[in-house]
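Chain by chain, the residues run as shown.
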Amino acid sequence: MAVSETERLKAWVRAGGRCELCGAYLLEGKLTYREFRLGELAHIVGQDTAPGSPRGGDPLPVDQRDLAENLMLLCRGEHDEIDRRGSLDLVTVERLRQIKREREEWIRRVTGLNPTDGTVVIRLIGSVRGQEVELTKATTAEAVIRSEGRFPEFPLSLHGDGFEVDLRQVVGEERGEPAYWQQCRRRINQVLEYRLAEAVRQDSVRHVSVFGFARLPLLVYFGSRLDDTFAVTIYQRHRSTEAWTWPETLTAPADFSVEAMPGAQKQATEGLLLLNISGSIQEAELPSDLQDLPRWRVSPHGVTPSVDVVNSVDTLNAYSSTLRSLMSDLEARHKHIRRLHVLAAAPVSAAVALGRLHDANVHPVLVIYDRSDGRYNAAMEIP
């Protein structure tokens, strides 16, 4: 029995005209760039039950084997490979069905996006004590589509990778040398204060999706360079899922509380901010010259600080709102505080959010500390 034109059309449309395994576009030749129909429809469960029919021994009824649900659009090479005897133990019916389902669901989401709901993707790619995480263009695009329902854009790049700040080749990361922080700041400025600012002036950026992995002081500085002329969604890699997509959660967002401690110095011009979000900073860990300063401690209310406390955009917004209220209180009631030393045990999103909400015109200078060898040392100032 031959595949009907109706089922053939369904399979092509659901696959978006691309190979469902390698993603190759199957309506245009790679040599002549003329329009051809190059794809082939492959049966997940073989077309008949004969011994030579690939995966034909599956119990799927024969009258359902030529339906679009059992067909995958593939390029010729992929089609030939999945049907070879040597691959049948790996390319199983279950595996092919999963690939088809995930691929076609993704295509349906992408093609349903409104092009006017675009977001410019910005990536800060660094290392933390020599360790890196995967933060590719494909990873960020999937996170944006799944979490926001927006159309990810990667403009202004020869390779189409968008706004990318790559700090991985900067020397001195593991030792946290002053020269390391300075060079990283320059690289961040080159992208955000020049390239991004120019795009904003041209009115080509209205929404930004931010991804970052780097030492905490750099994340805060990175956030401080993102101004209020566009909306921002901040992402982080979640330990619970090992993905950058914001998890779907039915739990209420966490609340955050501020504990104020006056300190020994009256009318001090410097203060201390402790962010106990993903972990807890103990009193014994404080540098000796900060011990007597008035301090404020921010932590999740009624919840033990942990790496997955910030598990939703709503929780991140609650954290940001708490920090804004604290900064407003400092502005109104503690104008004598000129410098605020920040020691933080915080995830990526919380660090970036701190930098973004800081207003250089009204808030104290932030002195961001980095933890190395069990000690906190001042890494950089953010005016």
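Report on the accompanying structure. (Residues numbered from 1 in each chain as written. Predicted model: local features only at pLDDT ≥ 70, side-chain atom pairs only at ≥ 80, totals over all residues. Heavy atoms only, no water.)

### Some details on the packing of helix α6 (residues 216-224) against helix α8 (residues 348-357)
In a pair of packed helices, the angle between the axes and the distance between the axes together describe the arrangement.
Thought 1: Interaxial distance between α6 and α8 falls to 6 Å at its minimum, and their mutual angle equals 45 degrees. With respect to their mutual orientation, α6 and α8 come out oblique. Remark: the crossing between α6 and α8 carries right-handed chirality. Here α6 contributes Leu216, Leu219, Val220, Phe222, Gly223 and Ser224 to the contact with α8, which in turn contributes Val348, Ala351, Val352, Leu354, Gly355 and Arg356.
Thought 2: Residues of the contact of α6 with α8, tallied by class, amount to eight nonpolar, three polar and one charged. (Axes fitted to C-alpha atoms, helices over the stretch in contact; angles between N-to-C directions. Helix = DSSP H or I, 4+ residues; strand = E, 2+ residues; numbered from the N terminus. Parallel < 35°, antiparallel > 145°, perpendicular 65-115°, else oblique. Left-handed = near helix turned anticlockwise from the far one by under 90°. Contact = heavy atoms within 4.5 Å. Nonpolar A, V, L, I, M, F, W, Y, C, P; charged D, E, K, R; others polar.)

### Comments concerning the packing of aromatic side chains
Thought 1: Counted according to the given criterion, the structure contains four aromatic pairs.
Thought 2: When the centroid spacing of 4.4 Å and the interplanar angle of 5 degrees are considered together, the rings of phenylalanine 211 and tyrosine 235 count as stacked. Taken as a pair, phenylalanine 211 in strand β6 (residues 207-213) and tyrosine 235 in the loop between β7 (231-234) and β8 (256-261) lie far apart in primary sequence, 24 residues in all. Each member of the pair, phenylalanine 211 as well as tyrosine 235, is classed as buried.
Thought 3: What links up through ring pairs into an aromatic cluster is the set Phe211, Tyr235 and Trp244. (Phe/Tyr/Trp six-rings, centres within 6.5 Å; stacked < 30°, edge-to-face > 60°. Buried < 20%, exposed > 50% of the residue type's maximum accessible area, 1.4 Å probe, protein only.)

### Things to note about the side chain of glutamate 7
Thought 1: Assignment of secondary structure puts glutamate 7 in helix α1 (residues 5-15).
Thought 2: Under the relative-accessibility criterion, glutamate 7 is labelled buried at 11%.
Thought 3: At a separation of 3.3 Å, a polar atom in the side chain of glutamate 7 contacts the side chain of lysine 10.
Thought 4: In this structure, glutamate 7 is in contact with Asp66, Leu67, Ala68 and Glu69, ignoring residues within four places of it in sequence. (Polar contact = N/O pair within 3.5 Å; in protein donor to acceptor, adjacent residues only side chain to side chain.)

### Observations regarding the pairing of strand β5 (residues 163-166)
For a regular strand, the rule is simple: side chains alternate between the two faces of the sheet.
Thought 1: Of the two faces of β5, the one lined by Phe163 and Val165 is fully buried and the one lined by Glu164 and Asp166 carries no buried residue.
Thought 2: Direction of pairing for strand β3 (residues 118-125) relative to β5: parallel, over a ladder of four bridges. From the neighbouring strand, isoleucine 122 faces β5, where its bridge partner is phenylalanine 163. (Pairing = 2+ DSSP bridges.)

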